[in-house]
Amino acid sequence: MTAIDTPTPRTDQTDAPEVTDAPEPAATAADAPAATVATGTDPATGAPAEQAASEASATATEAAARRMPKFLRPSRWAPITVMVLVLGVLWQIGAEQMPYLLPPLQNIWSSLSGNPLFYIENAWITLQEALIGLAIAFVCSSVLAIGISEIPLVRRAVMPVAVVLNVTPLVAIAPALVVAFGFGPEPKLIVTALICFFPILINVAVGLRSVPTPVLQFYRTVNASRPEMLWHVRIPSSLPYLFAALKIVFPLSIVGAVVAEMFAPGAAEGLGTTISLASSNNQLQVIYASIFILALMGSALLAIVTAVERRVLHWHDTHRHEPE
Amino acid sequence: MAPHDHTAPAIRIDGARKVYGSGATRMTALHDVDLDIPAGRFVSVIGPSGCGKSTLLRLIANLESTDAGSVEVFGESPDSACDGKHIGFVPQTPALLPWLNVLHNVTLPHRVNRRAARKRKAGASAARPMPDMEQLLRDVGLGDAMHKLPPELSGGMQQRVAIVRALGLQPDVLLMDEPFSALDEFTREQLQEQLLDLWDDTTATVVFVTHSVTEAVRLSDQVVVMAPRPGRIVDVIDVDLPRPRSAELMTSDAFHHYEDLVRQRLQSAWHSPDLPAAA
């Protein structure tokens, strides 16, 4: 493992689109060698003639060359590699010039490799808080979104409030929740659930109402009931909107968990707690190691959502004609 | 209820009025319209935009309700006609569900509102087996497209799916709202022929809204000519041409005679003075 990977935490925002590409190349990478092995062994069992075998291997390499995955082409991997290298070099220069601003990459690496279990345990706690909070938000907001979509009175009452709360920085509620709920897992789950709640609510509520008028008209002429409309027409129509929300909310859930941990350190653990403790002890390398892991977790979650989205929304415009 | 009582009209519109907006923006889309459509006939409604032809169709389809007057479909209200799945609707755009393949798109209407099927079976005269949707799709040349998603099909194919979806309900009344207006001339003529073939095998009464004179004359037994401001019926022209109506017929003198007749009525409707604002 080279140290050049470590600057990723600094660029977690700009990296996001690149990360979304990850699942596809990974899948093709697993495919390609398996296929070559299969064509290589086949002639050995079936054809005794040497010539046939060499012919077969020739076509196999040709085929392999033809179906070389896109991510193996230099035009694909070169730009990001150069970018990461440049950032790594800049980081090291910065660390040498200003030791109180940035820790050298090797210090971060030794902190990570010196006590991996410590980081894994804390990361697991943070991840749990994030995902449980997100699950709570998902269930509550989906139910309310259906209520909003089906009952105009509820829509007119709830939507304006939801829109305002969606732009309110709800992480700021963390200190208040610590006062109310103490240092247990509750304030973390509540903060995470709260900041995930409104993006899902608004997107799903809009998605459920996104059915084109002629479609609604047709199903009205066969008197489809409201539950039938919801199940067969509205919910599938809302899926693209739901996934758009999930791509925002999965990484956001980690933000919620970390911020809540920072305000309620002490009894509870997690990477947020680790960061705030390390900060009071001037352990810059621990802070950046934690941030690096957080960035990795966020990227992994985003990659998973994107992969699931591709499977579920294969029919949707955005996935049917992918450029390249 | 007697859907096949041929003595009564399939659709009876009596003094139907529809007004949109109020005050300065008040617009009378339909001004006391009367129209009887006999069962089993193919009727086109033609007129310039704003004449209320689509509004008329939406009243029959129970997508809107009258401000005055009444609309009856086989003696029932449009609402209960819809509830019994007696109405097949083909909108201007295909309105297919993009995540369902063609076959599932045309069978979904059978799976919603199942009460209607039971109700139909109870009424002996209305009891009919559900058609073989796969065969129906093959009949219109969509056999290969059956398992494709709608966005993978051309506009003409999508509209064919929409027609099969509506006819698959075996409706007593087929309502079509400018279904071919977004298609190119060639595709449009193909679909007209296919529609006539399909309709031959049914007993459905068709109300077909269009703004094409040729299309109206080719398809219809009767052409209803409407005028705007306020929306009203100015003439009903019987088209007495033999069926089946092939493409050759469209070049005949008789065909041109009816085209000219409809055009002339449209012209005079356009130049006729606006009625005084509806009271």
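Residues numbered from 1 in each chain as written. Chains lettered and ligands numbered in written order. Predicted model: local features only at pLDDT ≥ 70, side-chain atom pairs only at ≥ 80, totals over all residues.

Participant: Let's hear about the overall build of chain B: which residues, and what values?
Facilitator: In terms of regular secondary structure, chain B is built from nine helices and nine strands. The contacts of chain B with a sequence gap of at least 6 include a subset with a gap of at least 24, amounting to 73%. (Helix = DSSP H or I, 4+ residues; strand = E, 2+ residues; numbered from the N terminus. Contact = placed C-beta atoms within 7 Å.)

Participant: I'd love a proper account of the overall build of chain A, names of residues and values included.
Facilitator: Per the secondary structure count, chain A includes 14 helices and zero strands. Starting at the N terminus, the α and β elements of chain A follow one another as α-α-α-α-α-α-α-α-α-α-α-α-α-α. Per-residue burial over chain A gives 33% buried out of 324 residues. Within chain A, counting contacts between residues at least 6 apart in sequence, those at least 24 apart form 76% of the total. (Buried ≥ 20, exposed ≤ 12 C-beta atoms within 10 Å, placed from the backbone.)

Participant: Any details on the packing of helix α3 (residues 102-111) of chain B against helix α6 (residues 155-167) of chain B? Residues and values, ideally.
Facilitator: Residue and element names in this part refer to chain B. At a minimum axis separation of 8 Å, α3 and α6 run at an interaxial angle of 30 degrees. With respect to α6, the element α3 is oriented roughly parallel. The crossing of α3 and α6 is right-handed. Note on element contacts: α6 touches α3 through Val161, Val164 and Arg165, opposite Val102, Asn105, Val106 and Pro109. Among the residues forming the contact of α3 with α6, the class breakdown is five nonpolar, one polar and one charged. (Axes fitted to C-alpha atoms, helices over the stretch in contact; angles between N-to-C directions. Parallel < 35°, antiparallel > 145°, perpendicular 65-115°, else oblique. Left-handed = near helix turned anticlockwise from the far one by under 90°. Nonpolar A, V, L, I, M, F, W, Y, C, P; charged D, E, K, R; others polar.)

Participant: Lay out the sheet that holds strand β2 (residues 27-37) of chain B with the relevant residues and their values.
Facilitator: Residues and elements named next belong to chain B. Ordered by their spatial adjacency, three strands build an open sheet running β2-β1-β4, and the pairing between neighbours is antiparallel. The open sheet has two edge strands, β2 and β4 (68-73), and neither has a second partner. Strand-to-strand twist across the sheet, computed as the mean angle between neighbouring axes with direction ignored, equals 20 degrees. The pairing of strand β1 (residues 11-20) with β4 spans five bridges and is classified as antiparallel. (Pairing = 2+ DSSP bridges.)

Participant: Can you break down α6(B) residue by residue, with the values?
Facilitator: All names here are of chain B. Helix length check: α6, at 13 residues, gives a terminal C-alpha distance of 18 Å against a target of 18 Å (1.5 Å per residue), a fit within 8%. Among the 13 residues of α6, eleven are classified as buried, and the element is accordingly described as predominantly covered. Within α6, the full set of buried residues consists of Met157, Gln158, Gln159, Arg160, Val161, Ala162, Ile163, Val164, Arg165, Ala166 and Leu167. Where the residues of α6 are buried, they touch β5 (87-90), α3, α5 (133-139), β6 (173-177) and α7 (185-200). (Expected span 1.5 Å × (residues − 1).)

Participant: Outline the packing of α6(B) against α7(B), listing residues and values.
Facilitator: Residue and element names in this part refer to chain B. Here α6 crosses α7 at 15 degrees, and the two axes come no closer than 11 Å. Between α6 and α7, the crossing angle belongs to the class labelled roughly parallel. When the axes of α6 and α7 are compared, the crossing they make is right-handed. Across from Gly156, Gln159, Arg160, Ile163 and Leu167 in α6, the residues of α7 making contact are Thr187, Leu191, Gln194, Leu195 and Leu198. For the contact of α6 with α7, the per-class residue count stands at five nonpolar, four polar and one charged.

Participant: Give me the lowdown on the sheet that holds strand β3 (residues 42-46) of chain B, citing residues and values where you can.
Facilitator: Residue and element names in this part refer to chain B. Strand order in the open sheet formed by six strands is β5-β6-β7-β3-β8-β9, with mixed pairing between adjacent strands. Looking along the sheet, the strands with just one partner apiece sit at the ends: β5 and β9 (232-238). Sheet twist, expressed as the average angle between the axes of neighbouring strands with direction ignored, equals 15 degrees. Contacts from α6 reach β5 and β6, with the element oriented near 170 degrees to β5. Running over the sheet, helix α9 (residues 253-271) touches β3, β8 (222-227) and β9 and is turned about 20 degrees from β8.

Participant: I'd like a description of the interface of chain A and chain B, backed by residues and values.
Facilitator: Counting from both sides, the interface comprises 18 residues of chain A and, opposite them, 23 residues of chain B. For the side of chain A that touches chain B, the secondary-structure elements that each account for two or more residues are α10 (213-221) and α11 (226-263) of chain A. At seven residues, the largest contribution of residues to the side of chain A that touches chain B is made by α10(A). A per-class count over the side of chain A that touches chain B returns ten nonpolar, five polar and three charged.

Participant: Kindly report on α9(B), identifying the contributing residues and their values.
Facilitator: Residues and elements named next belong to chain B. An ideal rise of 1.5 Å per residue puts 27 Å on 19 residues; α9 measures up with 27 Å between its terminal C-alpha atoms. Those residues of α9 that sit buried are Tyr258, Val262, Arg265, Leu266 and Ala269. Buried positions in α9, seen along its axis, are confined to an arc of 100 degrees and lie on one side of it. Every exposed residue of α9 that faces more than 90 degrees away from the buried side is listed here: Asp253, Asp260, Gln267 and His271. Taken together, the buried residues of α9 touch β3, α8 (213-219), β8 and β9. (Arc of directions from axis to C-beta.)

Participant: Describe the confidence of the model for chain B, naming the residues involved and giving the relevant values.
Facilitator: Residue and element names in this part refer to chain B. Of the residues in chain B, 90% reach a pLDDT of 70 or more, and the chain-wide mean stands at 86. The model gives residues 1-6 a pLDDT under 50, and that stretch makes 14 contacts with residues more than four places away or in other chains. Both scores are available for the predicted complex, with the pTM at 0.78 and the ipTM at 0.89. (pLDDT = per-residue confidence, 0-100.)

Participant: Account for the confidence of the model for chain A, with residues named and values stated.
Facilitator: Of all residues in chain A, 76% attain a pLDDT of 70 or more, and the chain-wide mean is 79. Counted against residues more than four places away or in other chains, residues 1-49 of chain A, with its pLDDT under 50, gives 58 contacts.

Participant: Quick rundown of the nonpolar core? Include the residues and the values.
Facilitator: In this structure, B:Ile60, B:Val173, B:Leu175, B:Val206, B:Val207 and B:Val262 are the most contacted members of the largest nonpolar core, which totals 81 residues. It is α6(B) that provides the largest number of residues to this core, a total of seven residues. Apart from the residues within four sequence positions on either side, B:Val262 is in contact with B:Ile46, B:Val213, B:Ala216, B:Val217, B:Val223, B:Val225 and B:Ile237. Membership of the second largest hydrophobic core comes to 62 residues, among which are A:Ala145, A:Ala174, A:Ala245 and A:Ile254. (Core = buried A, V, L, I, M, F, W, Y, C linked by C-beta atoms within 7 Å.)

Participant: I'd like a rundown of the pairing of β5(B), residues and numbers included.
Facilitator: Residues and elements named next belong to chain B. What you see with β5 is no split at all: Ile87 and Phe89 on one side and Gly88 and Val90 on the other are buried throughout. The pairing of β5 with β6 spans four bridges and is classified as parallel. Opposite phenylalanine 89, over in β6, you have leucine 175 as the bridge partner.

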